[in-house]
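Inside the fold
In case you want the letters, here they are:
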Amino acid sequence: MVEHAPYPQQPDDSRTAAEATGGERLRRIAPARTLEFGEHRLTYLPDGFVQLIPGAWFPETGGADWQRHTGHLDDAGYLVASVGGLLVEHRGRALLIDTGYGPRRTAPADSYPFLGAEEGGRLPAALAAHGLAPGAVDTVAFTHLHEDHTGWAFAPDPAGPGLLFGAARFVTSATEWQGWYGAPSPAAARHLREHAVGAADGQEVFPGVTAWNTPGHTLGHTSYVISSGGRRLVVIGDALHSAVQVERPDWRVLVDSARDVSVETRLRILRELSVPDTLGFGGHFADVQFGRVVTDGSQQRWEALDHQG
Ligand SMILES: [Zn+2]
């Protein structure tokens with residue numbers, strides 16, 4: 001495999017308008033943050049982060065591409081990806097979409113050649129700070145079953161023989177379950193025998209939340225559409241890993257199972273996000289996770305919610 005280095009920041013300032021708008025938020029990980037959304041309360045629970053090496057993650061891109069999108073890169077030249085889960089609360093019930101890495105700290109030298117450092121471990125504390133016990137989560141839904149999305153789902157309950165989220169049904173598409181390597185522990189296998197749900201395209205998995213098949217990153221990859229108060233919010237999952245892909249959905253991704261299918265899926269998601277009163281949540285989108293797609297002429301870009309008002 002070709003060795004890729006990150007692209008350290010250049011002193012010139014050729015960032016696009018979207019990057020200037022996002023500013024530092026494009027280059028840092030997201031804190032815990034709540035969005036009141038109709039009858040739903042949406043809270044990002046941070047677990048950690050992963051650094052993506054841009055020219056390796058998008059193998060068809062080079063330094064000239066990143067000169068044009070330099071605002072997305074941190075000072076060391078990495079694309080910054082937040083890792084965590086989205087808590088969805090509705091009338092006393094709680095759904096958690098994706099569960100972060102779980103405890104982990106991996107140095108760049110010990111990571112995959114397309115990654116820098118990986119770190120997880122904060123999600124239970126973020127949930128506690130929000131005032132919720134893991135046992136109050138009745139549904140865990142996965143966009144897909146990669147380790148930065150399933151970590152805490154299969155963690156043991158420190159107080160008992162089961163899992164930390166042992167009161168929850170575990171939901172993802174049937175295709176995603178079928179393509180999985182399998183339960184990582186006997187406790188996880190026991191839990192899944194009774195509590196695994198394979199959601200169909202369009203199926204409601206929680207009040208106001210439906211599954212949406214968005215294959216490509218994995219064959220069973222699933223986004224979730226939250227409808228509330230006359231608006232919709234699309235939980236994008238890893239169909240897009242970075243806000244830069246709103247501008248360049250055509251960039252193929254090294255780790256996608258079906259790279260060309262992913263391009264089609266990204267275009268489909270961006271069309272959906274262009275419908276009025278539709279927001280998006282990109283879990284890996286640095287500190288610009290909640291936002292919308294806006295169109296300037298022929299160019300689309302990501303506009304983060306400012307969370308100020
Ligand atoms: Zn991911």
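Relevant structure appears above.
Reference entry: report on the structure contained in this document.

Quick word on the overall build of the protein chain
- Across its full length, the protein chain carries nine helices and 16 strands.
- For 309 residues, the compact-globule formula gives about 19 Å, and the C-alpha radius of gyration of the protein chain, at 18 Å, lands near that figure.
- Projected onto the principal axes, the alpha-carbon positions of the protein chain cover approximately 55 × 45 × 35 Å.
- By residue count, 48% of the 309 residues in the protein chain fall in the buried class.
- Partitioning the intrachain contacts of the protein chain with sequence separation of at least 6 by distance along the chain shows that 68% fall at a separation of at least 24.

What to know about helix α4 (residues 123-130)
- For α4, every residue scored as buried is listed here: Leu123, Pro124, Ala126 and Leu127. Down the axis of α4, the sector holding all buried residues measures 160 degrees, keeping them to one side. Exposed residues pointing more than 90 degrees away from the buried face of α4 are listed as Ala128 and Ala129.
- Buried residues along α4 sit in contact with β2 (40-52) and β3 (79-90).
- Of the residues one or two after α4, glycine 131 is the one with positive phi, at around 95 degrees.

So, the sheet that holds strand β16 (residues 299-304)
- The strand order across the open sheet built from seven strands is β10-β11-β12-β13-β14-β15-β16, with neighbouring strands paired in mixed fashion. Edge positions in the sheet fall to β10 (204-206) and β16, since each of these pairs with one other strand and no more. For this sheet the average axis-to-axis angle between neighbouring strands, irrespective of direction, equals 35 degrees.
- Direction of pairing for strand β11 (residues 209-213) relative to strand β12 (residues 222-228): antiparallel, over a ladder of five bridges. Across the sheet, valine 209 pairs through a bridge with isoleucine 226, a residue of β12.

Focus on the environment of aspartate 277
- Position of aspartate 277 relative to the elements: it lies in the loop between α9 (259-273) and β14 (278-281).
- According to the C-beta neighbour criterion, aspartate 277 is exposed, with 10 such atoms within 10 Å.
- When near neighbours in sequence (up to four residues on either side) are disregarded, aspartate 277 contacts Gly230, Arg231 and Arg232.

Digging into unusual backbone geometry
- One non-glycine residue, aspartate 98, lies in the positive phi region at around 70 degrees.
- Following the sequence through the fold, aspartate 98 ends up in the loop between β4 (93-97) and β5 (104-106).
- Look at aspartate 98 and you get buried, because 29 C-beta atoms sit within 10 Å.

Some thoughts on the nonpolar core
- Counting 78 residues, the largest nonpolar core has Val88, Val140 and Val235 as its most contacted members.
- Ranked by residues supplied to this core, first place goes to β3 with seven residues.
- In this structure, valine 235 is in contact with Leu86, Ile97, Thr143, Ser223, Tyr224, Ile226 and Phe281, ignoring residues within four places of it in sequence.

Some thoughts on α9
- Between its first and last C-alpha, α9 extends 21 Å over 15 residues, near the 21 Å set by a 1.5 Å rise per residue.
- If you check which residues of α9 are buried, you get Ser262, Thr265, Arg266, Ile269, Leu270 and Leu273. The buried residues of α9 all sit within an arc of 135 degrees when viewed along its axis, so they share a single face. Of the residues in α9, the exposed ones pointing more than 90 degrees away from the buried face are Asp260, Leu267 and Arg271.
- Residues of α9 that are buried sit in contact with β12, β13 (231-235), α8 (244-247), β14, β15 (290-296) and β16.

Things to note about the environment of histidine 195
- When you line up the elements, histidine 195 lands in helix α7 (residues 186-195).
- Remark: the alpha-carbon pair of histidine 195 and glycine 166, spanning 29 residues in sequence, is separated by 9.2 Å.
- Residues in contact with histidine 195, not counting those within four places in the same chain, are Ala168, Arg169 and Phe170.

Things to note about the environment of glycine 121
- One can find glycine 121 in the loop between β6 (115-120) and α4.
- For the pair glycine 121 and aspartate 47, spaced 74 residues apart in sequence, the C-alpha to C-alpha distance is 5.4 Å.
- In this structure glycine 121 touches Asp47, Gly48, Pro103 and Arg104, once residues within four positions along its chain are discounted.

Parameters at a glance
Residues numbered from 1 in each chain as written. Predicted model: local features only at pLDDT ≥ 70, side-chain atom pairs only at ≥ 80, totals over all residues. Helix = DSSP H or I, 4+ residues; strand = E, 2+ residues; numbered from the N terminus. Rg over C-alpha atoms; globule rule 2.2 N^0.38 Å. Buried ≥ 20, exposed ≤ 12 C-beta atoms within 10 Å, placed from the backbone. Contact = placed C-beta atoms within 7 Å. Arc of directions from axis to C-beta. Pairing = 2+ DSSP bridges. Axes fitted to C-alpha atoms, helices over the stretch in contact; angles between N-to-C directions. Core = buried A, V, L, I, M, F, W, Y, C linked by C-beta atoms within 7 Å. Expected span 1.5 Å × (residues − 1).

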